[in-house]
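Results of the structural survey
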Amino acid sequence: MPQLPIVVVADDSAVSRSLVLQALAGLPVRTVEADSGNAAIRAINRNKPSLLILDICMPYPDGLTLLKMIRQDAEFEDLPVIICSVENGLMERAEAETFGISGYLTKPIDLKLLREMTVLTLDLDPGVTVRGEGTQP
Amino acid sequence: MQEASFPNIELVEGLMVNAMRNVFSTMLSQSVDFKARYSRDKAGIKPFYSLGSKDPLVVGSIGFVGEANGVVYIYMHQDVAFQIASAMTGMAVSEVKGEFEIVKDVIGEVSNMVIGTFKNGICDLGFNCRVTLPTVLRGSQMEVDSVQSASRETFHFEYMKQPIVMDLFIQQNGK
């Protein structure tokens, strides 16, 4: 059985993470949750994900700092990142886009749009769904 | 040089009402009705606990800093917080009653989204600012007083026939 692509969901709010997991439910991916910037770094190093869904306002390092760190790391410089944040200021958006992102969604997020963005970013077959793919902290 | 002017209160009210409606319809698939706004210098502002029962209150609080500075407190009775947590998580109200960690997280995130959406509207008007860390308070008969140089506007909403009150403290006109 082929290995499923891993998606790291980094957000300090458990409710927000569960909404993201709800958006990805049934997609052929494995999700890993992180509740801080450093937890996200550990999850990225350990799991070598195919996609990072990232909040900006998080305990250290915040999302934009983490994005910058990822882009400076040769191993993860091409890791696709979708930002899901309450921040929608021009400065935050411009900064994120400078570092390269696959999408920017403002909270409250449109779960359907996040799902579509994930399918497109990971080049998944939208017709293929799986059951029971777990998530881990 | 022209004096900087902050958006008038009707515009601020529109942003606040839209933010509440947007978050409640998107995240909870439920509606919230705007009832009234009161300014600090007008009669009508009363401590939230005098609006209804003496049940414990849950209050989400979050600030915004930058070219506009302020803080918002979102007051609701504990039962309303349970209803919101239930609607957002899909858990039964009876289940969330025993899980205040979940209730706290939901109210913190809903506050974050509402004030974040409001703040983004302020940013779009040219006043760049960022939200601060959300906090959640729980207690009875609490009241927040205004601080120096901040004006206060109180927005009254109704959700499932229960009040939700938003207390906005904001610095404006270069104060």
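Since the structure is predicted, the reported quantities are computational estimates derived from the model, not experimental observations. (Residues numbered from 1 in each chain as written. Chains lettered and ligands numbered in written order. Predicted model: local features only at pLDDT ≥ 70, side-chain atom pairs only at ≥ 80, totals over all residues. Heavy atoms only, no water.)

Description of the overall build of chain B
Secondary structure summary: chain B contains four helices and seven strands in total. Listing every helix and strand of chain B by position from the N terminus yields α-β-β-β-α-α-α-β-β-β-β. Relative to all contacts within chain B whose residues are 6 or more apart in sequence, the contacts with residues 24 or more apart total 67%. With the model as given, the accessible surface of chain B reaches about 8400 Å², and the carbon-plus-sulfur share is 47%. (Helix = DSSP H or I, 4+ residues; strand = E, 2+ residues; numbered from the N terminus. Contact = heavy atoms within 4.5 Å. Areas by Shrake-Rupley, 256 points an atom, 1.4 Å probe, with all protein chains shown as cover.)

What about the packing of aromatic side chains?
Two aromatic rings are characterised by how far apart their centres lie and by the angle between their planes. Residues and elements named next belong to chain B. All told, the structure shown has five aromatic pairs over all chains when counted by the stated rule. Ring centres of Phe64 and Phe118 lie 5.8 Å apart, and the angle between their planes is 70 degrees; this geometry places the pair in the edge-to-face category. Separated by 54 residues along the polypeptide, Phe64 in strand S2 (residues 57-66) and Phe118 in helix H4 (residues 100-124) bring together distant segments of the chain. We classify Phe64 as buried; its relative accessible area is 1%. Through pairs of rings, three or more aromatic residues link up here, namely Phe34, Phe155 and Phe157. (Phe/Tyr/Trp six-rings, centres within 6.5 Å; stacked < 30°, edge-to-face > 60°. Buried < 20%, exposed > 50% of the residue type's maximum accessible area, 1.4 Å probe, protein only.)

Here's the deal with the nonpolar core
Among the nonpolar cores identified, the biggest contains 49 residues, and Ile84, Ile164 and Met166 of chain B are the most heavily contacted of them. Discounting residues that sit within four places of it in the chain, Ile84 of chain B has contacts with Phe24, Leu28, Met76, Val106, Ile107, Val110, Tyr159 and Ile164 of chain B. Counting residues in each nonpolar core, the second largest holds 23 residues, with Ile6, Ala43, Leu52 and Ala96 of chain A among its members. (Core = buried A, V, L, I, M, F, W, Y, C linked by side-chain atoms within 4.5 Å.)

Examining the confidence of the model for chain B
Residues and elements named next belong to chain B. Averaged over all residues, the pLDDT of chain B equals 85, while 85% of them reach at least 70. Mean pLDDT across the secondary structure elements of chain B bottoms out at strand S4 (residues 129-131), with 88, and peaks at helix H2 (residues 78-89), with 93. For this predicted complex, the interface confidence reaches an ipTM of 0.73, while the overall pTM sits at 0.83. (pLDDT = per-residue confidence, 0-100.)

Examining the pairing of strand S3 (residues 51-54) of chain A
Residue and element names in this part refer to chain A. Where burial is concerned, the two faces of S3 agree: the one with Leu51 and Ile53 and the one with Leu52 and Leu54 are both buried. In the sheet, strand S1 (residues 6-10) pairs with S3 via four bridges, with the strands oriented parallel. Of the residues in S3, the one forming a bridge with Ala10 is Leu54. Of the pairings in the sheet, the one linking S3 to strand S4 (residues 81-85) comprises three bridges and is parallel in character. Opposite Leu52, over in S4, you have Val81 as the bridge partner. Handedness of the β-α-β unit built from S3, helix H3 (residues 63-71) and S4 comes out right-handed. (Pairing = 2+ DSSP bridges. Right-handed = clockwise from strand over helix to strand, strands pointing away.)

Some remarks on the side chain of Ser61 of chain B
Mapping Ser61 of chain B onto the fold places it in strand S2. If we ignore the near neighbours within four places in the chain, the residues touching Ser61 of chain B are Val71, Val72, Tyr73, Ser111, Leu133, Pro134 and Thr135 of chain B.

Considering the environment of Thr121 of chain A
Residue and element names in this part refer to chain A. Relative to the elements of secondary structure, Thr121 occurs in helix H5 (residues 111-121). Sequence spacing of Thr121 and Glu33 is 88 residues, and the spatial spacing of their C-alpha atoms is 19 Å. Of the polar contacts made by the side chain of Thr121, one reaches the backbone oxygen of Met117; its length is 2.6 Å. (Polar contact = N/O pair within 3.5 Å; in protein donor to acceptor, adjacent residues only side chain to side chain.)

Observations concerning the interface of chain B and chain A
Each partner contributes to the interface: chain B provides 18 residues, whereas chain A provides 17 residues. Of the roughly 1500 Å² buried between chain B and chain A, counting both surfaces, carbon and sulfur atoms make up 56%. Inspection of the region where chain B meets chain A yields three salt bridges. For Glu109 of chain B, the salt bridge identified is with Lys107 of chain A, shortest N-O distance 3.0 Å. Taken together, the connections running from chain B to chain A amount to nine residue pairs in polar contact (both at pLDDT 80 or more). Elements with a contribution of two residues or more to the side of chain B that touches chain A: helix H1 (9-28), H4 and S4 of chain B. In terms of residue class, the side of chain B that touches chain A is built from seven nonpolar, seven polar and four charged. (Buried area = accessible area lost by both parts, 1.4 Å probe. Salt bridge = Lys/Arg side-chain N within 4 Å of Asp/Glu carboxyl O. Nonpolar A, V, L, I, M, F, W, Y, C, P; charged D, E, K, R; others polar.)

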